[in-house]
Amino acid sequence: MMRDLGLIERQFISNSRDRTTSSEIVNNDEKFGINLNVSQFKPEDLKINLDGRTLTIQGDQEVKTENGYSKKSFSRVILLPEDVDASKVASNLSEDGKLSIEAPKKESIQGRSIPIQQTASEEKNE
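Residues numbered from 1 in each chain as written. Predicted model: local features only at pLDDT ≥ 70, side-chain atom pairs only at ≥ 80, totals over all residues. Heavy atoms only, no water.

1. Quick notes on the UniProt feature "binding site: Zn(2+)" (unreviewed entry) in the protein chain
And step 1. As recorded in UniProt, the feature "binding site: Zn(2+)" (unreviewed entry) lies at Glu62.
And step 2. By secondary structure assignment, the location of Glu62 is in strand 4 (residues 54-65).
And step 3. Overall, the relative accessible area of 48% leaves Glu62 in the partly exposed class.
And step 4. Beyond its immediate sequence surroundings of up to four residues, Glu62 is in contact with Tyr69, Ser70 and Lys71. (UniProt positions renumbered as here; feature names shortened; annotations may be inferred. Helix = DSSP H or I, 4+ residues; strand = E, 2+ residues; numbered from the N terminus. Buried < 20%, exposed > 50% of the residue type's maximum accessible area, 1.4 Å probe, protein only. Contact = heavy atoms within 4.5 Å.)

Following this line, the structure appears as structure tokens:
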């Protein structure tokens, strides 16, 4: 019986290992984005938080049945690149459970020449 219990435990651990949320990160000249498969979670089970440049995505689901209780969760913490416009981070959840979070890159500031202005010095009368 203990051998069977060990087998069940190993199968459970190997089957539950982060298959719930596969992810893809895009970071190019125009935008930064992350796509997550969260199809095993309801929209109300998901939270997205942005603190400075730290983006946290969490899913937490609890299921109670007459036969027992199960809990499923995930967490992703991503440090946004410095050139991302954090004020424009947006998310979208598709009907098939694909969560997309995107933010445009900041416009790069081009170098420019700054002219030097001279001011006339006032002569002091003593």
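2. A look at the sheet that holds strand 3 (residues 46-51)
And step 1. Strand order in the open sheet made by the three strands is 3-4-5, with antiparallel pairing throughout. At either margin of the open sheet sits one strand with a lone partner, and together these are strand 3 and strand 5 (68-79). Averaged over all pairs of adjacent strands, the angle between strand axes in this sheet comes to 15 degrees, irrespective of strand direction.
And step 2. In this sheet, strand 4 lies alongside strand 3 in antiparallel orientation, the contact comprising six bridges. Residue Ile48 lies in a different strand from strand 4, and its bridge partner there is Ile57. (Pairing = 2+ DSSP bridges. Axes fitted to C-alpha atoms, helices over the stretch in contact; angles between N-to-C directions.)

3. Some remarks on the nonpolar core
And step 1. With 15 residues, the main nonpolar core has Ile34, Leu36, Val38, Ile57 and Phe74 as its most contacted residues.
And step 2. With residues near it in sequence (within four places) discarded, Ile34 still touches Ser23, Glu24, Ile25, Leu55, Ile57, Ile78, Leu99, Ser100 and Ile101. (Core = buried A, V, L, I, M, F, W, Y, C linked by side-chain atoms within 4.5 Å.)

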